[in-house]
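# Chain and residue survey
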Amino acid sequence: RNEAAARLSDFVNSIEVHLMQEISVNSEMFFQALGELQELGYRMEHALAKTRALRALVASTDADVLRTNECIQRQRRRRRNLER
């Protein structure tokens with residue numbers, strides 16, 4: 001009976017060692033993946049901020065072009081009216 005208990009204890013010990021090794025390897029991969037995921041999140045936030053800034057610039061540029069176009073059309077109408 002003692003021999004069976006000793007073999008069982010050795011078996012449990014080897015399982016514990018194996019589990020600890022697996023946890024060590026997998027936890028390292030997990031934390032590496034977590035770090036990469038966080039970096040990706042930061043890059044996405046930066047890209048989103050750039051996209052918002054570019055959209056604002058485009059909207060502003062569109063408004064400027066529209067105002068300029070309206071001004072040109074007013075001046076053309078004025079010129080046509082003066083030519084009559």
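Everything below is about the structure shown above.
Residues numbered from 1 in each chain as written. Predicted model: local features only at pLDDT ≥ 70, side-chain atom pairs only at ≥ 80, totals over all residues. Heavy atoms only, no water.

## Considerations on the overall build of the protein
Counting its regular elements, the protein contains one helix and zero strands. On the principal axes, the C-alpha backbone points of the protein span a range of 120 × 15 × 10 Å. Counting across all 84 residues of the protein, residues that qualify as buried make up 0%. Only carbon and sulfur atoms are counted for the fraction: they give 58% of the accessible area of the protein, which is about 8,200 Å². (Helix = DSSP H or I, 4+ residues; strand = E, 2+ residues; numbered from the N terminus. Buried < 20%, exposed > 50% of the residue type's maximum accessible area, 1.4 Å probe, protein only. Areas by Shrake-Rupley, 256 points an atom, 1.4 Å probe, with all protein chains shown as cover.)

## Things to note about a positive patch on the surface
Taken together, Arg74, Arg76, Arg77, Arg78, Arg79, Arg80 and Arg84 make up a surface patch of like positive charges. By the secondary structure assignment, Arg76 is in helix α1 (residues 2-83). (Patch = residues over 30% accessible without salt bridge, like charges linked within 9 Å, V, L, I, M, F, W, Y side chains within 5 Å. Salt bridge = Lys/Arg side-chain N within 4 Å of Asp/Glu carboxyl O. Lys, Arg positive; Asp, Glu negative; His and termini not counted. Charge placed at Lys NZ, Arg CZ, Asp CG, Glu CD.)

## Brief notes about the pattern of salt bridges
For the structure on display, the rule yields two salt bridges. Put simply, Arg43 and Glu39 hold a salt bridge, and the shortest N to O gap is 3.2 Å. Taken together, the residues Arg43 and Glu39, both in helix α1 and four residues apart, mark about one turn of the helix. For Arg43, a relative accessible area of 57% corresponds to the exposed category. When its relative accessible area of 38% is taken as the criterion, Glu39 is described as partly exposed. With its nearest N and O atoms 2.3 Å apart, the salt bridge here joins Arg67 to Asp64. In this pair, Arg67 and Asp64 are both assigned in helix α1, three residues apart and thus about one turn of the helix distant.

## Looking at a nonpolar patch on the surface
A surface patch of nonpolar side chains, amounting to about 680 Å² of accessible area, comprises Leu8, Phe11, Val12, Ile15, Leu19, Met20 and Ile23. In this structure, Leu8 sits in helix α1.

## Some details on the packing of aromatic side chains
Inspection of every chain in the model, using the stated rule, returns one aromatic pair. When the centroid spacing of 5.2 Å and the interplanar angle of 75 degrees are considered together, the rings of Phe30 and Phe31 count as edge-to-face. For the pair formed by Phe30 and Phe31, the shared burial category is exposed. (Phe/Tyr/Trp six-rings, centres within 6.5 Å; stacked < 30°, edge-to-face > 60°.)

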